[in-house]
Amino acid sequence: MSFRSAALNHWLRLTEKPHLARAKSPQALRASFERKARLLFRAPKGCAFQPGSVAEVPVLWVSAPEADDDLVILYFHGGGYVFGSPRTHRAMLARLSSLCSAWSCLPDYRLAPEHPFPAAFDDALAVYGDLLAGGTSPERIMLGGDSAGGGLALALLAEICRRDLPRPAGCFAFSPLTDLRFSGESMRNNAQSDVVLPADRAADMAGMYLRGADPDDPRASPLHGDFTGSGPVWLTVGDTEILLDDTRRMADVLRAQGVEVEMVIEPDLPHVWPLFHGMIPEAGATLQRLGQWIRRLAPPSADS
């Protein structure tokens, strides 16, 4: 772990984790995250940001200067299904887009508690279907997300397989939330070591999102999904996170179903550390590695 990462962990433990533990409303969480993202996260020069709409879902298109017109990262932001937005994650996706010469599409999916499950999932499925209907080749689409958004990306992948829709090239997730029962041992074992997420607020978040729905529904907890026939999946998580077992068990499920999985477990890094790509070297290295993985999977452009 670098000195910068150690300092970031210390800062997050003193500030962000207590803030998440005591926040009283989703509105407060949303405003705080938006403000911090504007201050902390910087996109590479030359990247473009264009608001739009796909399947009547607001989206933010992010592009690097030399992005392939038909290579799309469909990315779902994290935030426990109650906060976060394309704006909070656009700098990270701009960096990733520049590394793999892709466009990124960030849906502004509906959030709980105003729009409980399955609203976010329905938006994700609608956007994917509309990209296909608009002529984007599934082999040129990469699903991705972080935390709850990583779970949403994986849930979408399972539904694509269940419906036998055209499969995307692959799927990646940073520290994904895959089990809304929070039954992994790391929820307890890493409750103190996780520098960002307070384990005792997990049930509150799930309650706002599920609103009485079955937490074992694969659309909510992809740990219970069927991924038979899926393309490769890339997962990463920190070994001190409460969601560590969400990733490890997800990888086990995928492999048991014949899916090619690359799982990267990093020591002592905070939840969704690639967000801090301009601050700690490990974040940039993770995005670089992921960018190479995406380029290996993506077939040559029709214009190349």
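In this report, we go over the structure that sits alongside the text. (Residues numbered from 1 in each chain as written. Predicted model: local features only at pLDDT ≥ 70, side-chain atom pairs only at ≥ 80, totals over all residues. Heavy atoms only, no water.)

With respect to the secondary-structure elements, asparagine 9 resides in helix α1 (residues 3–14). Separated by 86 residues in sequence, asparagine 9 and arginine 95 place their C-alpha atoms 22 Å apart. (Helix = DSSP H or I, 4+ residues; strand = E, 2+ residues; numbered from the N terminus.)

Put simply, the largest pocket is a space of about 690 Å³. In terms of lining residues, the largest pocket is bounded by 40 residues, among which Leu20, Phe83, Val196, Leu197 and His271 are the most central. Broken down by element, the lining of the largest pocket gets its largest block of residues, 6 residues, from helix α3 (residues 26–40). In terms of residue class, the lining of the largest pocket is built from 27 nonpolar, 7 polar and 6 charged. The computed volume of the second largest pocket comes to approximately 200 Å³. Taken together, the elements giving at least two residues each to the lining of the second largest pocket come down to α3 and α4 (86–100). Across the lining of the second largest pocket, the residue classes break down as 5 nonpolar, no polar and 5 charged. (1 Å grid on protein atoms, 1.4 Å probe; cavity = no way out; pocket = protein on both sides within 12 Å on 5 of 7 lines; lining within 4 Å. Points joined across faces, edges and corners; volume = space filled by probe spheres on them. Nonpolar A, V, L, I, M, F, W, Y, C, P; charged D, E, K, R; others polar.)

For the rest of this paragraph, the subject is the sheet that holds strand β4 (residues 103–107). The 8 strands lie next to each other as β1-β2-β4-β3-β5-β6-β7-β8, forming an open sheet whose pairing is mixed. Unpaired on one side and paired on the other, β1 (48–54) and β8 (261–266) mark the two borders of the sheet. Going across the sheet, the axis of each strand differs from the next one's by a mean of 20°, ignoring polarity. With 5 bridges connecting them, strand β2 (residues 57–63) and β4 associate as antiparallel partners. Across the sheet, the residue bridging to tryptophan 61 is cysteine 105, located in β4. (Pairing = 2+ DSSP bridges. Axes fitted to C-alpha atoms, helices over the stretch in contact; angles between N-to-C directions.)

Applying the stated rule across the entire model yields 8 aromatic pairs. Their ring planes at 70° and their centres at 5.7 Å tell us that phenylalanine 33 and phenylalanine 83 sit as a pair that is edge-to-face. Separated by 50 residues along the polypeptide, phenylalanine 33 in helix α3 and phenylalanine 83 in the loop between β3 (72–76) and α4 bring together distant segments of the chain. Both residues of the pair, phenylalanine 33 and phenylalanine 83, count as buried. Site record: aromatic cluster; members linked through ring pairs are Tyr75, Phe172, Phe174 and Trp234. Geometry around phenylalanine 49 places arginine 90 over its ring, the cationic atom sitting 3.9 Å from the centre. (Phe/Tyr/Trp six-rings, centres within 6.5 Å; stacked < 30°, edge-to-face > 60°. Buried < 20%, exposed > 50% of the residue type's maximum accessible area, 1.4 Å probe, protein only. Lys NZ or Arg CZ within 6 Å of the ring centre and 35° of its normal.)

Take the pairing of β8 next. Where strand β7 (residues 233–238) and β8 come together, 6 bridges link them in parallel fashion. The residue of β8 that forms the bridge with leucine 235 is methionine 263. Crossover connection from β7 via helix α9 (residues 244–256) to parallel β8: handedness right-handed. (Right-handed = clockwise from strand over helix to strand, strands pointing away.)

Along the chain, glutamate 16 falls in helix α2 (residues 16–22). A polar contact of 2.5 Å, which involves the side chain of glutamate 16, links it to the side chain of lysine 36. Among all residues touching glutamate 16, those that are not within four sequence positions of it are Trp11, Lys36 and Val196. (Polar contact = N/O pair within 3.5 Å; in protein donor to acceptor, adjacent residues only side chain to side chain. Contact = heavy atoms within 4.5 Å.)

Further remarks concern the side chain of histidine 271. Of note, histidine 271 is situated in the loop between β8 and α10 (281–297). Residue class for histidine 271 comes out buried when judged on its relative accessible area of 9%. Apart from the residues lying within four places of it in its own chain, the contact partners of histidine 271 are Ser147, Ser175, Val196, Leu197, Glu241 and Leu243.

Within this structure, the stated rule accounts for 14 salt bridges. The residue aspartate 204 makes a salt bridge to arginine 201 at a minimum N-O spacing of 2.9 Å. Taken together, the salt bridges that share partners define one network made up of Glu159, Arg162 and Arg163. (Salt bridge = Lys/Arg side-chain N within 4 Å of Asp/Glu carboxyl O.)

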